[in-house]
Amino acid sequence: MGFEKRSEATKYKAQDDDTLEKIAERETAGGNPVTAADIAKFNWGTDDPNMVDEHLRDELGCCKRGEDKRFVISSDAETRSDLLIPKRFKKSALDVDRSVTLRVKKKAEPLPQFEACAQVRGICFEFDKSFVRSLVVDDLKKVEE
C-alpha cells in the first residue's frame, strides 16, 4: 500500500511530549494505518533514528528529550517546516461474488514500416536542374513496382 501525494497529506498540529510513535498510534486508531517509520520516510526520506532526531531538532525545533533519550515535540517550539502526516491509498476492493464480462476488441495489425530496401545507382541530375536524367527512369519504375 502506498501513500497519497504530498499535497494531500495532513499538516501535524504539535502537541506537547509527542513522538512519531504516538502520532502513528493516533493515526492508526483513526483509520490511517501508518507507522513512525512511514512518517519519517515520508518527510525526510529516512527512518534512521539518529537522522530522524536531527530532523526533529533542526526542522521541528525539538529540544526536550523523552525517557528513551529521543527528541519529543513541543507545542511552543519554533518550527522551520511542517511535519506532514501521509495518507494511505484507499484499496479498492473488487466484489468477488459478482461476475464481470469484459469485451475485448481485436486490435488491427499495424502497417509494416517498410516492405524492402531498394537502391538506384548513378542517379544524376543535369546541371542546375531538379529532374533526374532519363537513363534512370527504368530503374525508378522497378522501385515503384
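Parameters and conventions
- Position numbers for residues start from 1 in each chain and track the written sequence from start to end.
- At least 70 in pLDDT is required for a residue's local features to be given in this predicted model, at least 80 for side-chain atom pairs to be given and counted, and no such filter applies to totals for whole chains, interfaces and linings, which use all residues.
- The side-chain numbers reported here are obtained from all heavy atoms of the structure, hydrogens and water having been left aside.
- Numbered from the N terminus, helices here are DSSP runs of H or I no shorter than four residues, and strands are runs of E no shorter than two.
- Burial classes: relative accessible area under 20% of the type maximum marks a residue as buried, over 50% as exposed, and values in between as partly exposed (1.4 Å probe, protein chains only).
- It only takes one pair of heavy atoms within 4.5 Å for two residues to be counted as in contact.
- Per-residue accessibility takes into account occlusion by the displayed protein chains alone, with areas from the Shrake-Rupley method and a 1.4 Å probe.
- With a 1 Å grid laid over protein atoms only, a set of points is called a cavity when a 1.4 Å probe fits there but cannot get out and a pocket when it is open yet has protein on both sides within 12 Å along at least five of seven lines; lining residues have an atom within 4 Å of a point.
- Grid points are joined across faces, edges and corners, and a volume is the space filled by probe spheres set on the points.
- Residues are grouped as follows: Ala, Val, Leu, Ile, Met, Phe, Trp, Tyr, Cys and Pro are nonpolar; Asp, Glu, Lys and Arg are charged; every other residue, Gly included, is polar.
- Among the buried residues, those of types Ala, Val, Leu, Ile, Met, Phe, Trp, Tyr and Cys that are joined through side-chain atoms within 4.5 Å form a nonpolar core.
- Only Phe, Tyr and Trp rings are paired, with Trp represented by its six-membered ring, and only when their centres lie within 6.5 Å; those with planes under 30 degrees apart are stacked, over 60 edge-to-face, the remainder tilted.
- Sitting over a ring, as applied to charges here, requires NZ of Lys or CZ of Arg to be within 6 Å of the ring centre and within 35 degrees of the ring normal.
- Patch membership requires over 30% relative accessible area and the absence of a salt bridge. Like charges are linked within 9 Å, and nonpolar side chains (Val, Leu, Ile, Met, Phe, Trp, Tyr) within 5 Å.
- Any Lys or Arg side-chain nitrogen located within 4 Å of an Asp or Glu carboxyl oxygen qualifies as a salt bridge.
- All tallies of charge rest on Lys and Arg as positive and Asp and Glu as negative; His and the ends of each chain are not included.
- We put the charge of a Lys on NZ, of an Arg on CZ, of an Asp on CG and of a Glu on CD.
- A helix is expected to span 1.5 Å for every residue after the first.
- By arc we mean the arc of the directions from the helix axis to the C-beta atoms, nothing more.

Student: Can you tell me about the overall build of the chain, naming the residues and giving the values?
Tutor: When helices and strands are tallied, the chain shows four helices and four strands. Helices and strands in the chain line up, N terminus first, as β-α-α-α-β-β-β-α. Across the 145 residues of the chain, 25% fall into the buried class. Contacts in the chain between residues at least 24 apart in sequence constitute 52% of all its contacts with a sequence separation of at least 6. For the chain, the exposed area adds up to about 12200 Å²; of that, 51% sits on carbon and sulfur atoms.

Student: So, the layout of surface pockets: which residues are in play, and what are the values?
Tutor: Estimates place the volume of the largest pocket at around 160 Å³. For the largest pocket, the lining is made up of 14 residues, of which Leu20, Glu21, Ala36, Val52 and Arg70 are closest to its centre. Among the secondary structure elements, those contributing two or more residues to the lining of the largest pocket are helix H1 (20-29), helix H2 (36-44), helix H3 (49-60) and strand E3 (71-72). Split into classes, the residues belonging to the lining of the largest pocket amount to nine nonpolar, one polar and four charged.

Student: Could you give an account of the nonpolar core, with specific residues and numbers?
Tutor: Across soluble globular proteins, nonpolar side chains show a tendency to be buried alongside one another. With 17 residues, the main nonpolar core has Leu20, Ile23, Ile39, Trp44, Leu56 and Leu83 as its most contacted residues. Taken together, the elements giving at least two residues each to this core come down to H1, H2 and H3. The element contributing the most residues to this core is H2, with four residues. Non-local contacts of isoleucine 39, meaning those with residues more than four positions away in its chain, are made with Leu20, Ile23, Ala24, Val34, Leu83, Leu84, Ile85 and Pro86.

Student: Requested: an account of the packing of aromatic side chains, with residues and values cited.
Tutor: Under the definition given, this model contains zero aromatic pairs. The ring of phenylalanine 71 carries arginine 65 above its face, with NZ or CZ at 4.0 Å from the centroid.

Student: If you had to explain the side chain of asparagine 32 to someone new, which residues and values would you point to?
Tutor: Take asparagine 32: it is sitting in the loop between H1 and H2. Ignoring sequence-local partners within four residues, the contact set of asparagine 32 consists of Glu27, Ile85, Pro86, Lys87 and Arg88.

Student: Which residues make up a negative patch on the surface, and what are the values?
Tutor: Together, Glu21, Glu25, Glu67 and Asp68 make up a region of like negative charge exposed at the surface. Of note, glutamate 21 is situated in helix H1. Judged by relative accessible area, glutamate 21 falls into the partly exposed class, the value being 41%.

Student: Describe H3, and please don't skip the residues or the numbers.
Tutor: Taking 1.5 Å of rise per residue, the twelve residues of H3 would be expected to cover 16 Å, and the 15 Å separating its terminal C-alpha atoms lies within 8% of that figure. The set of residues buried in H3 consists of Val52, Asp53, His55, Leu56 and Leu60. Down the axis of H3, the buried set is contained in an arc of 160°. They therefore lie on one face. Buried residues in H3 make contact with H1, H2, strand E2 (64-65) and E3. Following H3 by one or two positions, glycine 61 has its phi on the positive side, about 70°.

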